[in-house]
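The primary structure of each chain is shown beneath.
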Amino acid sequence: MATIPAKRKGQKFLSSWGVNIAIALTALRTNLMRSILTMLGVLIGVFAVTLAVAVGNGAQESVMQSINSFGSNMAIIVPEPDNEGGRRSYDRGRLTSRDLRAIEREVPGVIATAPQLRSTLDMVTAGANTSTSAVGTTPGYGQITNHPADRGRYISEADVRSAARVLVLGQTTAETLFGEFDPVGETVRVDGVPFQVIGVLEEKGSTFGTDNDDTAVLPISTMRQRFVGDSLPGPDDLQLAFAGFEEGASLVQGKIDITNLMKDRYRVRDGEINPFRVRTTQEFMEESQFITGILQAVLVAIASISLLVGGIGIMNIMLVSVTERTREIGLRMALGAKGSDIRNQFLVEAAVLCVLGGAVGLVLAWLAGSALTAYADFPVPIGIGVALGSLAFSAVLGLVFGSYPAIRASRLSPIEALRTE
Amino acid sequence: MAIPATQSADQGHPLIETRELVKSYNLGGEVIHAVNGVSLTIEHGEYVAIMGKSGSGKSTFMNMIGCLDVPSSGQVLIDGTPTADMSSDDLAVLRNEKIGFVFQQFNLLARTSSIDNVAVPLIYAGMDKAKRRERATAKLIEMGLGDRLLNTPAKLSGGQQQRVAIARALVTEPLMLLADEPTGALDTRTSEEIMAIFEGLNAAGITVIVVTHEDEIADHAKRRIEFRDGKVIEDRLVQNRAVATGALAVEEA
């Protein structure tokens, strides 16, 4: 029996795909309205999935940015007092300025530390008032948290030593209290006590809906003496502290070092629960990545439902197409088409339908992403990887949902197909 | 016996041989034998008319020797090769290379030019596009359609459409042409044209097998096989052959 020599097979493969695409385009043009409606299903699916992926990537990106904006290389030390029987016990779980000095001295890679006492303070000016979460700290805080003064100056060692009544305002707080006016040098009454504004912090924007500019910084000594002293177990205690590491230092090692040092200082025996917690920005990043990853997965999963529906639409229309063209299939078989030729013809038709719909969906997703980025101030990046992925996915969708109708077509008996009216 | 000029045939074997060929259908519990034990031989270069009323089994017989339909029992040998155990892919290749089909309703692809219609079998033969167009164009010119190359079927008369279909059947240079009521949808004058083409092709060495119920058409053939109730009731040479006087002269292939 004459069969096609191997040499011709590759050539046949290539030429038949070109032919199949031409046949597919003719078929799609013949039923233009039907083709467009079917494509619409894929279009919406690809649009939704692409946008979901992009929104997920954007969330990841913006979280990374805000974590980086807080200083990318630091550890946070939080004391965790025992909480047995509902009564706070300060026998264990304290953190003091002395601990910070020990960390600076003994932990390799630490370049600075900063304490933090936070309290919500009422601030009043002649024409306005607000309530903000203020931070009492030392001059190193601005550098470690990457939030220095933009106008005026930051708090100084002298301010801390003298427990000066000075304030550095966040952008939002400054605007609420002073509007357009420059607040530097002005007076604000904090819980009734007059404070002098010595500077305004750099603008930082929001993280997860929290306005990082709605804040104020004052010397830790002032904060302790006037506002939070009573709530702490001792005159040197802190709510939490930051340790900044030099560039390239291992935060994993840093965390171990700090933990070991603290265990030594508080005589925590092996097996006992640590009365403090050390977190690093690296951990925050990993956790955020995990959370945004879940967010993205959920979005994509929901969007995939529409893609699934689109795929079912493809399968439906391809079944109709095969039925309508049964006679053509019989004719092609009579003229020498093998089952695989017929199968490929319909697979290509489904894939073309999907890729066209997918391409339009991709363009719309890109437009929507750009609009979101521009107007909603939320990055929705659709990179070349996402774009190519969407198109490849569309083609695969066509092949998957087109395969049942295509295989059905390929198994028709030539004479029965030819006899179909 | 004329030697086919188009393909080198194995001279040791008849072109078509059927042995006790049966095709039966089960219609609501009742078994109907559309073809009931037909054994006959068709040699290379013959011009055969297969006659019979509707339901006589002539079309079913043609579909089986054309490898479009599978026999219920019995054998079909094409050029000496038994087809019973062939895969559907092998049968597709066989149809592509050795058999050209002409149908009553032409069966051209709508919205497709004459060239592209004629080139369809060459796609499945794995020929590249330039060569396909070249061969299709040549066949259409042979059929006198050199000025209709880019017309779609809707822009062609019935006779022209059937000539496109004949060009398509011949484009792979097959050993035989199987025509099922090829003039059934045509007027008398156009039918004559088509019969003239068949005569020219047969003179050039191609085996022509025409299924028809019309005596006028059958009279053009050299041999006449008549079916009734699935059996051959008559198989004879035609004495006074009609000679078609169609305007179209087919070039020697």
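Residues numbered from 1 in each chain as written. Chains lettered and ligands numbered in written order. Predicted model: local features only at pLDDT ≥ 70, side-chain atom pairs only at ≥ 80, totals over all residues.

Draft legend 1. How the structure looks around the overall build of chain A. Within chain A one finds 13 helices and twelve strands. Since a compact globule built from 421 residues should have a radius of gyration of about 22 Å, the 33 Å found for chain A marks it as more spread out than a globular shape. Along the three orthogonal principal directions, the C-alpha set of chain A runs to about 100 × 55 × 45 Å. Looking at chain A as a whole, 41% of its 421 residues qualify as buried. Sequence-distant contacts, at least 24 apart, represent 81% of the contacts inside chain A between residues at least 6 apart. (Helix = DSSP H or I, 4+ residues; strand = E, 2+ residues; numbered from the N terminus. Rg over C-alpha atoms; globule rule 2.2 N^0.38 Å. Buried ≥ 20, exposed ≤ 12 C-beta atoms within 10 Å, placed from the backbone. Contact = placed C-beta atoms within 7 Å.)

Draft legend 2. Spatial organisation of the overall build of chain B. Counting its secondary structure elements, chain B contains seven helices and ten strands. By principal-axis analysis of the C-alpha atoms, chain B measures approximately 50 × 40 × 40 Å. A total of 253 residues make up chain B; the buried ones form 52% of that total. Looking at chain B alone, contacts between residues at least 24 apart form 72% of all its contacts between residues at least 6 apart.

Draft legend 3. Fine view of the pairing of strand β12 (residues 276-280) of chain A. All names here are of chain A. On β12, burial follows the alternation: F276, V278 and T280 on one face are buried, whereas R277 and R279 on the facing-out side are not. Taken together, the five bridges between strand β1 (residues 74-79) and β12 define a ladder with antiparallel strand orientation. Bridge pairing links A75 to T280 in β12. (Pairing = 2+ DSSP bridges.)

Draft legend 4. Broad picture of the confidence of the model for chain A. When pLDDT is averaged along chain A, the result is 86, and 93% of the positions lie at 70 or above. Predicted confidence is poor over residues 1-8 of chain A, with pLDDT under 50, and the contacts of this stretch with residues over four places away or in other chains come to eleven contacts. (pLDDT = per-residue confidence, 0-100.)

Draft legend 5. How the structure looks around the UniProt feature "transmembrane region" (unreviewed entry) in chain A. The UniProt entry lists residues 36-56, 294-322, 346-368 and 380-401 of chain A under the feature "transmembrane region" (unreviewed entry), expressed in the numbering used here. Here residues 294-322 of chain A is 100% helix and 0% strand, with 41 Å between the C-alpha atoms at its ends. (UniProt positions renumbered as here; feature names shortened; annotations may be inferred.)

Draft legend 6. Layout of the sheet that holds strand β10 (residues 231-237) of chain B. All names here are of chain B. One open sheet accounts for six strands, arranged β6-β7-β8-β3-β9-β10; its pairing is mixed. Both outer strands of the open sheet, β6 (99-102) and β10, are each paired with one neighbouring strand and no more. Taking the axes of each pair of neighbouring strands and ignoring which way they run, one obtains an average angle of 15 degrees across the sheet. Along the sheet, helix α6 (residues 188-203) contacts β3 (47-51), β7 (176-180) and β8 (207-211); its crossing angle with β8, the most-contacted strand, is approximately 150 degrees. (Axes fitted to C-alpha atoms, helices over the stretch in contact; angles between N-to-C directions.)

Draft legend 7. Spotlight on the nonpolar core. A350 of chain A together with I50, A167, L177, I209 and V210 of chain B are the most contacted members of the largest nonpolar core, which has 123 residues in total. Ranked by the residues each element gives to this core, the list is headed by helix α2 (residues 32-69) of chain A, at 14 residues. In contact with I50 of chain B, other than residues within four places in its own chain, are K58, F61, M62, I209, V210, V211, I225 and F227 of chain B. In this structure, Y141, F178, V200 and L218 of chain A belong to the second largest nonpolar core, which totals 48 residues. (Core = buried A, V, L, I, M, F, W, Y, C linked by C-beta atoms within 7 Å.)

Draft legend 8. Looking closely at the sheet that holds strand β1 (residues 16-27) of chain B. Strand order across the open sheet formed by four strands is β2-β1-β4-β5 (chain B), with antiparallel pairing between neighbours. Each edge of the open sheet is held by one strand with a lone partner, namely β2 (30-42) and β5 (81-82) of chain B.

Draft legend 9. Quick look at the interface of chain B and chain A. The partner chain A presents 26 residues to the 26 residues of chain B that form the contact. Listed by contribution, the elements that provide at least two residues to the side of chain B that touches chain A are α2 (88-98) and α3 (114-124) of chain B. Element by element, the count of residues in the side of chain B that touches chain A is highest for α2 of chain B, at nine residues.

Draft legend 10. Region of the structure containing unusual backbone geometry. The phi torsion at R267 of chain A lies on the positive side, around 55 degrees, for a residue other than glycine. Take R267 of chain A: it is sitting in the loop between α8 (251-265) and β12. The residue E181 of chain B is not glycine, and still its phi comes out positive at about 45 degrees. With respect to the helices and strands, E181 of chain B occurs in the loop between β7 and α6. We classify E181 of chain B as buried; it has 20 C-beta atoms within 10 Å.

Draft legend 11. Highlighting α2 of chain B. When we look at burial in α2 of chain B, the residues that qualify are L91, A92, L94, R95, N96, E97 and K98 of chain B. As for α2 of chain B, its buried residues are in contact with α10 (326-334) of chain A together with β4 (73-78), β6, α3 and β7 of chain B.

Draft legend 12. Structural detail: the environment of L412 of chain A. All names here are of chain A. Position of L412 relative to the elements: it lies in the loop between α12 (384-410) and α13 (414-419). On the neighbour-count criterion, L412 (18 C-beta atoms within 10 Å) is partly exposed. For the pair formed by L412 and I342, sequence separation is 70 residues and the distance between their alpha carbons is 9.6 Å. Among residues more than four places away in sequence, those in contact with L412 are T326, I329, G330 and A417.

Draft legend 13. Structural view of the confidence of the model for chain B. Residues and elements named next belong to chain B. On average, chain B scores 89 in pLDDT, and the residues at 70 or more come to 92%. Counted against residues more than four places away or in other chains, residues 1-10, with its pLDDT under 50, gives 27 contacts. In the model output, the complex is listed with pTM 0.73 alongside ipTM 0.90.

Draft legend 14. Up close: the environment of Q104 of chain B. Residues and elements named next belong to chain B. Along the chain, Q104 turns up in the loop between β6 and α3. Each C-alpha atom, one on Q104 and one on I32, is 25 Å from the other, the two residues being 72 residues apart in sequence. Excluding residues within four positions of it along the chain, Q104 makes contact with D180, E181, P182, G184 and A185.

Draft legend 15. Main features of helix α7 (residues 220-228) of chain A. Within α7 of chain A the residues assigned to the buried category are I220, T222, M223, R224 and F227 of chain A. Looking at the buried side of α7 of chain A, the elements it contacts are β2 (110-124), β3 (129-137), α5 (157-162) and β10 (215-219) of chain A.

Draft legend 16. Representation of the packing of α2 of chain A against helix α11 (residues 339-375) of chain A. All names here are of chain A. It is the contact of α2 with α11, at a shortest axis distance of 7 Å, that shows an interaxial angle of 45 degrees. Here α11 runs oblique to α2, going by the angle between their axes. Handedness of the α2/α11 crossing: right-handed. On α11, the residues that touch S35, T38, M39, L40, V42, L43, I44, V46, F47, T50, L51 and A54 of α2 are L353, C354, L356, G357, G358, V360, G361, L362, L364, A365, A368 and G369. A breakdown of the residues in the contact of α2 with α11 according to their chemical character gives 17 nonpolar, seven polar and no charged. (Parallel < 35°, antiparallel > 145°, perpendicular 65-115°, else oblique. Left-handed = near helix turned anticlockwise from the far one by under 90°. Nonpolar A, V, L, I, M, F, W, Y, C, P; charged D, E, K, R; others polar.)

Draft legend 17. A look at the pairing of β2 of chain B. All names here are of chain B. With ten bridges joining them, β1 and β2 adopt antiparallel strand pairing. Bridge pairing in β2 links V22 to N36. The antiparallel pairing of β1 with β2 creates a hairpin that spans two residues between the two strands, and G28 there sits at a positive phi of about 55 degrees.

Draft legend 18. View of the environment of M64 of chain A. Residues and elements named next belong to chain A. Position of M64 relative to the elements: it lies in helix α2. Residue class for M64 comes out partly exposed when judged on the 16 C-beta atoms lying within 10 Å of it. Each C-alpha atom of the pair M64 and E286 lies 9.6 Å from the other, and the pair is 222 residues apart in sequence.

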